[in-house]
Amino acid sequence: MSKNIKSRGYAGKDENGKLESWNFERRSVGDNDILIEIKYSGICHSDIHTIKGHWGKQAYPQVPGHEIAGIVTAVGKNVTKFKVGDKAGVGCMVDSCMKCDSCKNGEEHHCETTGMVGTYGAPDKTSPSGITQGGYANNIVVTEHFAIKIPESMDLKYAAPLLCAGITTYSPMMKINFKKGDRIGVIGIGGLGHLAVKLAVSKGAEVYAFTTSPSKVNDIKSFGAKEVIVVKSAADLQPYKGKLDFMISTVPYAYDMSPYIDCVKKYGYFTQVGQPINGELTINNFNMIFNRVNFNGSLIGGIPETQEVMDYCAENKIYPQIQVIKASEINDAWNKVVNKEARYRYVIDATTF
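Everything quoted here is computed from the prediction, not taken from an experiment.

1. Details of the overall build of the protein
Okay, so step 1: From N to C terminus, the protein includes ten helices and 17 strands.
Okay, so step 2: Scaling as 2.2 N^0.38, a compact globule of 353 residues should have a C-alpha radius of gyration of about 20 Å, and the protein matches this with 20 Å.
Okay, so step 3: Overall, the C-alpha framework of the protein stretches about 65 × 40 × 35 Å when taken along its three principal axes.
Okay, so step 4: Surface accessibility of the protein: about 15,100 Å² in total, with carbon and sulfur atoms responsible for 48%.

Here it is in structure tokens:
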């Protein structure tokens, strides 16, 4: 397949963040590439931040979307991992140097030379548009290494959110090696947070879910949380001071973090995976020197770990709670995500592009 691949999707044209239908082209299928006919594409808050320029200036038109699930329809001559007809997914990255220590050790997202190439908006000489274009579209061409095998038992519409929301919460929780019965706090029960609850519960943790949305309480309990705390002020957090072994925050905006960090036991870990505007957070260091909590951030996960969470969720029947929408409903869905109305991950039916 030497010709560029015609594609249609929805793109942001400027920082206003309103997406419009757009016809564009992908690169031709190279020797190490696969062509995926996209069936479903999840909506991540990162899509909104990126297109609106919250994380820096962007090139337009730009097709967002890095929770991509579909069927392989063509393979390059060197491809061994996939065959036509296989289920396949693409997450937050589509390339890296593959030579540095991080890449060799399955942490391609921490590539030390070129840095990982994001699924959308990254400079890309192989792309006819000059940048990578994401999954709000009917197809994608990707190097086979950066595609994830989706088990036959996993419905594609449930697989899509695992490729960002799933791995983003799974990876830091696995890094702390928590034990059955450990108390894990999850802040922000949206697309990422609800999967964090389900994953932690499945591994035997006691989960304490912190939300500002009273309407979510019954849902969160159904995900397996031991306790749901509706937070109206810092006073609501006081009873949990020093009680939790680990806490993960999925909140994608700056907020008053100190009362939450105080909920973690001394020398425990607090991980922030939600990424606010310009990445800026305010932490009270007086608080930190007294609570002795280790604060860190976490990105996604490498390809091996992304495959791991996909296989784990398929085997243990852990599925995101989703709402399938048409392409024409994307802009409305974005507004609902920002307004905390998603329950809990919007997934676009790619046949509607």
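2. Some remarks on the packing of aromatic side chains
Okay, so step 1: Applying the stated criterion across every chain yields a total of eleven aromatic pairs.
Okay, so step 2: Ring plane angle 55° and centroid distance 5.9 Å describe the contact between Tyr 10 and Phe 353, whose orientation is recorded as tilted. In this pair, Tyr 10 is assigned in strand β1 (residues 5-12) and Phe 353 in the segment after β17 (345-349), connecting sequence segments 343 residues apart.
Okay, so step 3: Tyr 10 sits in the buried class, given a relative accessible area of 16%.
Okay, so step 4: Centre to centre, the rings of Phe 270 and Phe 295 are 5.8 Å apart; their planes meet at 20°, and the pair counts as stacked. Here the residue Phe 270 occupies a position in strand β14 (residues 264-272), and Phe 295 occupies one in strand β15 (residues 294-297), the gap between them amounting to 25 residues.
Okay, so step 5: One aromatic cluster is present, formed by Tyr 208, Phe 210, Tyr 240, Tyr 255 and Tyr 260 through successive ring pairs.
Okay, so step 6: Over the ring of Tyr 312 we find Lys 203; its NZ or CZ atom is 4.1 Å from the centre of that ring.
Okay, so step 7: We note Arg 343 situated over the ring of Tyr 344; from NZ or CZ to the ring centre the distance is 5.7 Å.

3. Describing the pattern of salt bridges
Okay, so step 1: Under the counting rule described, the total for this entry stands at 14 salt bridges.
Okay, so step 2: Two residues, Glu 37 and Lys 39, come together in a salt bridge whose shortest N-O distance is 2.9 Å.
Okay, so step 3: With a relative accessible area of 24%, Lys 39 lands in the partly exposed category.
Okay, so step 4: For the salt bridge of Lys 336 with Asp 332, the shortest nitrogen-to-oxygen distance reads 3.3 Å. Taken together, the residues Lys 336 and Asp 332, both in helix α10 (residues 330-338) and four residues apart, mark about one turn of the helix.
Okay, so step 5: Residue class for Asp 332 comes out partly exposed when judged on its relative accessible area of 42%.

4. Considering the sheet that holds strand β12 (residues 227-230)
Okay, so step 1: As summarised here, the arrangement of the six strands in space is β12-β11-β10-β13-β14-β15, forming an open sheet in which the pairing is parallel. Among the strands making up the open sheet, the edge pair consists of β12 and β15. When strand polarity is set aside, the average angle formed by the axes of neighbouring strands in this sheet is 20°.
Okay, so step 2: Pairing of β14 with β15 involves four bridges; the strand directions are parallel. Paired with Phe 270 across the two strands is Phe 295, which belongs to β15.

5. Thoughts on a nonpolar patch on the surface
Okay, so step 1: There is a patch of nonpolar side chains on the surface, built from Phe 286, Ile 289 and Phe 290 and spanning about 410 Å² of accessible area.
Okay, so step 2: Tracing the chain through its elements places Ile 289 in helix α8 (residues 285-291).
Okay, so step 3: The exposure class assigned to Ile 289 is exposed, which follows from its relative accessible area of 53%.

6. Quick notes on the environment of Gly 85
Okay, so step 1: Looking at the element boundaries, Gly 85 is found in the loop between β4 (68-75) and β5 (87-90).
Okay, so step 2: As for Gly 85 and Pro 320, which are separated by 235 residues in sequence, their C-alpha atoms are 24 Å apart.

7. Considering the nonpolar core
Okay, so step 1: Ranked by size, the top nonpolar core spans 88 residues in total, and within it Ile 34, Ile 43, Tyr 136 and Ile 330 carry the most contacts.
Okay, so step 2: Excluding its chain neighbours within four sequence positions, the residues that come into contact with Ile 34 are Val 72, Ala 74, Val 75, Val 79, Phe 82, Ala 88, Ile 140, Val 141, Val 142, Glu 144 and Ala 147.
Okay, so step 3: One finds Ile 229, Tyr 240, Val 251 and Cys 263 within the second-largest nonpolar core, a separate group that totals 19 residues.

8. Notes on the packing of helix α4 (residues 165-175) against helix α5 (residues 191-202)
Okay, so step 1: Axis separation between α4 and α5 bottoms out at 8 Å; the angle between their running directions is 50°. Taken together, α4 and α5 sit at an angle that is classed as oblique. α4 and α5 meet at a crossing whose hand is right-handed. Facing α4, whose interface residues are Ala 165, Gly 166, Thr 168, Thr 169, Tyr 170 and Met 173, α5 presents Gly 191, Leu 192, Leu 195, Ala 196, Leu 199 and Ala 200.
Okay, so step 2: Partitioning the contact of α4 with α5 into residue classes produces eight nonpolar, four polar and no charged.

9. A look at α4
Okay, so step 1: When you tally the buried positions in α4, you get nine out of eleven residues, the bulk of the element.
Okay, so step 2: Turning to α4, its buried residues are Ala 165, Gly 166, Ile 167, Thr 168, Thr 169, Tyr 170, Ser 171, Pro 172 and Met 173.
Okay, so step 3: Looking at the buried residues of α4, the elements they touch are α5, β13 (244-249), β14, α9 (303-316) and β17.

10. Digging into the environment of Ile 167
Okay, so step 1: The residue Ile 167 is located in helix α4 in this model.
Okay, so step 2: Under the relative-accessibility criterion, Ile 167 is labelled buried at 1%.
Okay, so step 3: For Ile 167 and Val 207, which are 40 residues apart along the polypeptide, the C-alpha to C-alpha distance reads 18 Å.
Okay, so step 4: In this structure, Ile 167 is in contact with Leu 162, Pro 172, Ile 300, Gly 301, Glu 305, Thr 306 and Val 309, ignoring residues within four places of it in sequence.

What counts as what
Residues numbered from 1 in each chain as written. Predicted model: local features only at pLDDT ≥ 70, side-chain atom pairs only at ≥ 80, totals over all residues. Heavy atoms only, no water. Helix = DSSP H or I, 4+ residues; strand = E, 2+ residues; numbered from the N terminus. Rg over C-alpha atoms; globule rule 2.2 N^0.38 Å. Areas by Shrake-Rupley, 256 points an atom, 1.4 Å probe, with all protein chains shown as cover. Phe/Tyr/Trp six-rings, centres within 6.5 Å; stacked < 30°, edge-to-face > 60°. Buried < 20%, exposed > 50% of the residue type's maximum accessible area, 1.4 Å probe, protein only. Lys NZ or Arg CZ within 6 Å of the ring centre and 35° of its normal. Salt bridge = Lys/Arg side-chain N within 4 Å of Asp/Glu carboxyl O. Pairing = 2+ DSSP bridges. Axes fitted to C-alpha atoms, helices over the stretch in contact; angles between N-to-C directions. Patch = residues over 30% accessible without salt bridge, like charges linked within 9 Å, V, L, I, M, F, W, Y side chains within 5 Å. Core = buried A, V, L, I, M, F, W, Y, C linked by side-chain atoms within 4.5 Å. Contact = heavy atoms within 4.5 Å. Parallel < 35°, antiparallel > 145°, perpendicular 65-115°, else oblique. Left-handed = near helix turned anticlockwise from the far one by under 90°. Nonpolar A, V, L, I, M, F, W, Y, C, P; charged D, E, K, R; others polar.

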